[in-house]
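# Overview (structure and organization)
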Amino acid sequence: MRYLPLNDDDRRAMLERIGVSSIDDLFRDVPASAREPQFDLPLHAGESEVERMLSRFALANTGAGECAFFCGAGAYRHHVPASVDYLIQRSEFLTSYTPYQPEISQGTLQTLFEFQTQVAAITAMEIANASMYDGSTGAAEAVLMAHRVTGRNRAVLSGNLHPHYADTIRTMAGLAGEIVVTPPVPGSADEISEQIDNNTSCVVVQNPDVFGSIRDLAPLAQVAHSKGALLVVVFTEAVSLGLVRPPGAMGADIVAGEGQSLGNALNFGGPYVGLFASRERFVRQMPGRLAGQTADVEGRRGFVLTLSAREQHIRREKATSNICTNSGLCALAFTIHLSLLGETGLRKLARLNHARAVTLAESLVAIPEVELATPAFFNEFTLRLPRPAAEVVETLAGRGVLAGVPASRLFPSHTGCENLLIVAATETNAESDIDLYRDELGGVLAR
Amino acid sequence: MNVQDKPASGNRAASPGGTYSGDHALQHEEPLIFERGRTDVSGVDIPDVEIGPRHLAGLERVGEIGIPGLSEPEAIRHYVRLSQLNAAIDTGFYPLGSCTMKHNPRLGEKVARFAGFADVHPLQPQRTVQGALALIAELARWLKELTGMPAVAMTPRAGAHGELCGIIAIRAALENRGDKRPIILVPESAHGTNPATAALCGFSVKSIKATGEGRVDLASLTQALSSQVAALMLTNPNTSGLFERDMIAIADALHAAGAYFYCDGANFNAIMGRVKPGDLGVDAMHINLHKTFSTPHGGGGPGAGPVVFSERLAPFAPLPLLVEDDRGFRLIEDSREAQPASPFGRMAAFHGQMGMFVRALAYMMSHGRDGLRQASGDAVLSANYILASLKDVISAPYDGSCMHEALFDDTFLKGTSITTLDVAKRLIDEGFHPMTVYFPLTVHGAMLVEPTESESKRTLDRFIAVMRGLAAEAISGDPAGFKQAPVFAPRRRLDETAAARNPVLRWKP
């Protein structure tokens, strides 16, 4: 077996030192009734054979690169520079673990410190952690953190929050208190302010929201703060922060975002990377790992995991979260991509995304009976079609266009969503993709 | 402060071995990107397009963001230099107990990057992702077969997230039968994630003592059981590296008391291909794909933590559910379509850690049932070889053989001023990543050594020789080599107290 260095001579010598006659003897604590069961599984296989078997699975999918591609709704297709994927495959990054021994983990720790600084900067928040699993679980952790900070246990969720995020919050924070979700209102601000009462720990609002709409959250922040509640801002498209007013400039207290857009492929939904930022005074209530700066005994700057008294391996049942392994390598990909972009690159990328989306929206709404439901947006918007969006998407998929995400897939129990189509455009869309989409959609709707 | 990114000063640092640059041959001091990058530089060429204000509702970002950019050569040098400051499996022995730092086959990296997996969106029409769904179903089949359990939830994103999934399912099952049980039992030696998970789900945690031989005390467990107990969370093999001999009796006692049996599968590597947890009476168990099935640990993730369930808990498994009918594979994402099952909700957005699934399946297919059995056997053999080769000079708290990790304590350091931490730091100078230290908490000065199946006998022999040397040096009376260690690492010991007292969590100009 190509991955196992021991040979039978080694094994014999080792067994002799141990004083047993076979490896099976080392399993004698296993109850007799549970020893040596049958497994209905194949025998080992060579590399080329495994590659061939897995290729078959891969080839049965339509990759985004094979068609004109406009899906978003929480996962976005961006170009990732080749150097990012090369760098994250460096052995020393790829095959290390959580930096428990800082003297020999400065690479991971310094990149995390840089990552934290970048996340704080793009969200315009004071501090950020070393990553969560993804945006949805980060949003749930944000609600639990708001409960701890305020001593309250009622969370109010905007209906325009991605429904998978709302469901994840219900799962992870539903046991800790009440969760109220307002109805979705594509294209406008939902009436979330009225739901805030004196037991509300936080309001959770997404910007750009699941329909792509952007809005000014400052008035909502004011209402929340006047009632002692925190404003939790969620985003799923990190590139938007290069163009749209950031959460920290609109009164956010905690920010939970999805960082997949930078450095990370679509990967059919994972692994992704949760970005998590907050005000500095809440730091001891934060979940997850934190890298901090310190010095070694010779006075040289170095980095360590810090404030671990919040964490499960020290505090056990009193920990701020149960998280241990987070999303280190995806965070590394994010930080490398952002370091390559820099301020100038991020701004240009964001403008290009917006421009593509505007071009796309304007060419699609020129089709009769197609309306733009979200007048203010970044790189994603919602169309109101004259017939159910799911059918249209299925038809267009057969014509080389993955046209977006039907709102009905995300909101199956809300009537009124059937004809809504959530459409994203990024820098990866060529003008020919946009033309193809316009022609095919026009053709399908004209029939 | 150091001399990072300052031009060569023309003065050699006063210390012996000082250089003008502050670097030492291949050991470089690397500044932060914020000290080196410039906001007007970018390593990505992007067209500069004009945009109008029409669709932005006056919400344009104003002011500087504050993130510098690096050209591609600068970026590559920055990150390559930083990488060189890390210990990793690929660079040396990494026997971090409980973390299963085994070799990561590069085939996994290659196949996970196939466009058919990496460039596929989670919300594409399902008929365009039949291969991805089939792969998830195939991985699920392997996991169910290896554990002898009838159902699996694929979406949890890491081990602790899997624990959460399992405990919420237990809570849902209890609620379903109208049973309110507020207590979860957890052995004192458990991973910190276990009590943290139980608390997150609103349970109170009650500790169970271990016997003198490091296993759950069946008598104290039975005594602790009542109609108030929802479940026991138990790692098997346990955190002391021992198989819980009374597993079946424990399961029977729990079930007789109306409680569920949650198994922390962090140590599944010891028994994969040899024992099915389903045969031991387990109701739910998470599997850390990044440990047992060797998806890279990535400096702290991403992982994946699918949870297998018994018949009793299967109906409560979270959305989405994956089903196959005559039209192919289909995801059920709406609980109303899940009848007669009653999923408790959703663990995370989308359908799980696809990138990790591909790698784990590549690992499993490569090994096959024979290779997995040999791998767990070699892992257990290697740990026992270390235990047998060291226990005459380094104290082991429990008699007998171990499973896949060898546990030592600090009794052998008695009478010296040397601590377990000092031994760990000294191991760094010897070129090894230290073992897990001070865990489990039940063993004084614990040192938990998990060699995995990936190490050659030569590496194990070198480690054993070094440990024997250290043990002899420790009791010989001169602690200096331990107290000052590490001296050859990129950094000497770092002041963690100062870091926590006055947290500096980001760079500031």
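### Digging into the overall build of chain B
Check the secondary structure of chain B and you find 15 helices and 12 strands. A compact globule built from 509 residues would reach a C-alpha radius of gyration of about 23 Å, and chain B, at 26 Å, matches this within 12%. With the C-alpha coordinates aligned to their principal axes, the bounding extent of chain B is approximately 75 × 75 × 45 Å. Considering chain B as a whole, with its 509 residues, one finds that 57% of them fall into the buried category. A separation of at least 24 residues holds for 72% of the contacts in chain B among residues at least 6 apart in sequence.

### Re the packing of helix α5 (residues 106-123) of chain A against helix α10 (residues 328-365) of chain A
All names here are of chain A. At a closest axis distance of 9 Å, the pairing of α5 and α10 adopts a crossing angle of 60°. As for the relative orientation of α5 and α10, their crossing is left-handed in sense. Counting all contacts with α5, which are made through T108, T111, E114, F115 and Q118, the residues of α10 involved are G328, A331, L332, F334, T335 and L338. For the contact of α5 with α10, the class distribution of residues is 5 nonpolar, 5 polar and 1 charged.

### Things to note about the domain arrangement of chain B
All names here are of chain B. Per the domain assignment, the segments making up chain B are domain 1 (23-43 + 68-85), domain 2 (108-363) and domain 3 (368-498). The straight-line distance from the C-alpha centre of domain 2 to that of domain 3 is 30 Å. Each partner contributes to the interface: domain 2 provides 18 residues, whereas domain 3 provides 21 residues. Partitioning the side of domain 2 that touches domain 3 into residue classes produces 7 nonpolar, 8 polar and 3 charged.

### A word on the packing of helix α11 (residues 389-397) of chain A against helix α13 (residues 431-446) of chain A
Residue and element names in this part refer to chain A. In contact at an axis separation of 10 Å, α11 and α13 are set at 125° when each is read in the N-to-C sense. The orientation of α11 with respect to α13, classified from their angle, is oblique. For the pair α11 and α13, the crossing hand works out as right-handed. Contacts between α11 and α13 involve V392, T395 and L396 on the former and, on the latter, E440, L441 and V444. Each residue belonging to the contact of α11 with α13 can be placed in one class, and the counts come to 4 nonpolar, 1 polar and 1 charged.

### Considering the domain arrangement of chain A
Residues and elements named next belong to chain A. Per the domain assignment, the segments of chain A are domain 1 (64-79 + 342-446) and domain 2 (82-337). Domain 1 puts 29 residues into the contact, and the matching count from domain 2 is 25 residues. Elements that contribute at least two residues to the side of domain 1 that touches domain 2 include exactly α10, β12 (380-384) and β15 (420-424). The leading source of residues in the side of domain 1 that touches domain 2 is α10, at 7 residues. Its residues assigned to classes, the side of domain 1 that touches domain 2 shows 17 nonpolar, 8 polar and 4 charged.

### So, the pairing of strand β3 (residues 204-208) of chain B
All names here are of chain B. Sheet analysis places strand β2 (residues 183-187) next to β3, joined by 5 bridges and oriented parallel. Bridge pairing links I183 to S204 in β3. Between the parallel elements β2 and β3, the chain passes through helix α7 (residues 193-200) in a crossover that is right-handed.

### Some words on the interface of chain B and chain A
Accessible area lost during the coming together of the parts is what is often quoted as the interface size. Contact with chain B, which involves 175 residues of that partner, is made by 164 residues of chain A. Looking at the side of chain B that touches chain A, the element that brings in the most residues is helix α11 (residues 354-390) of chain B, giving 22 residues. Counted by class, the side of chain B that touches chain A contains 92 nonpolar, 53 polar and 30 charged residues.

### Points about helix α13 (residues 457-475) of chain B
All names here are of chain B. If you check α13, its first and last C-alpha atoms are 27 Å apart, about what 19 residues at 1.5 Å a residue would give, namely 27 Å. Every buried residue belonging to α13 is among L460, F463, M467, L470 and A474, and all of these are buried. Seen from one end, α13 has its buried residues packed into an arc of 90°, which puts them on one side. Pointing more than 90 degrees away from the buried face of α13 are the exposed residues R458, A465, G469 and A472. Where α13 is buried, its residues touch α11, α12 (420-429) and α14 (480-483). Backbone geometry just downstream of α13 places G477 in the positive-phi region, at approximately 110°.

### Quick look at the sheet that holds strand β4 (residues 178-181) of chain A
Residue and element names in this part refer to chain A. Pairing is mixed across the open sheet formed by 7 strands, whose spatial order is β2-β8-β7-β6-β5-β3-β4. Looking along the sheet, the strands with just one partner apiece sit at the ends: β2 (127-128) and β4. Where strand β7 (residues 254-258) and strand β8 (residues 274-278) come together, 5 bridges link them in antiparallel fashion. The residue of β8 that forms the bridge with V255 is A277. On top of the sheet, helix α8 (residues 218-226) reaches β5 (200-206) and β6 (230-235); it is set at about 145° to β6, its chief contact.

### Quick notes on the nonpolar core
Formed by 313 residues in total, the largest nonpolar core has its most connected members in V143, V203, V204 and V232 of chain A. A total of 21 residues in this core trace back to one element, the largest contributor, which is α11 of chain B. Apart from residues no more than four positions distant in its own chain, V232 of chain A is found in contact with A142, V143, A146, C202, V203, V204, D253, I254 and A256 of chain A.

### Quick notes on the pairing of strand β9 (residues 291-295) of chain A
Residues and elements named next belong to chain A. Most of β9 sits out of view: 4 of its 5 residues are buried. The pairing of β9 with strand β10 (residues 301-305) spans 5 bridges and is antiparallel. From the neighbouring strand, T294 faces β10, where its bridge partner is G302. Hairpin connection, β9 to β10: the antiparallel pair is bridged by 5 residues, and G299 has positive phi, about 85°.

Parameters at a glance
Residues numbered from 1 in each chain as written. Chains lettered and ligands numbered in written order. Predicted model: local features only at pLDDT ≥ 70, side-chain atom pairs only at ≥ 80, totals over all residues. Helix = DSSP H or I, 4+ residues; strand = E, 2+ residues; numbered from the N terminus. Rg over C-alpha atoms; globule rule 2.2 N^0.38 Å. Buried ≥ 20, exposed ≤ 12 C-beta atoms within 10 Å, placed from the backbone. Contact = placed C-beta atoms within 7 Å. Axes fitted to C-alpha atoms, helices over the stretch in contact; angles between N-to-C directions. Left-handed = near helix turned anticlockwise from the far one by under 90°. Nonpolar A, V, L, I, M, F, W, Y, C, P; charged D, E, K, R; others polar. Domains from an automatic or database assignment. Parallel < 35°, antiparallel > 145°, perpendicular 65-115°, else oblique. Pairing = 2+ DSSP bridges. Right-handed = clockwise from strand over helix to strand, strands pointing away. Expected span 1.5 Å × (residues − 1). Arc of directions from axis to C-beta. Core = buried A, V, L, I, M, F, W, Y, C linked by C-beta atoms within 7 Å.

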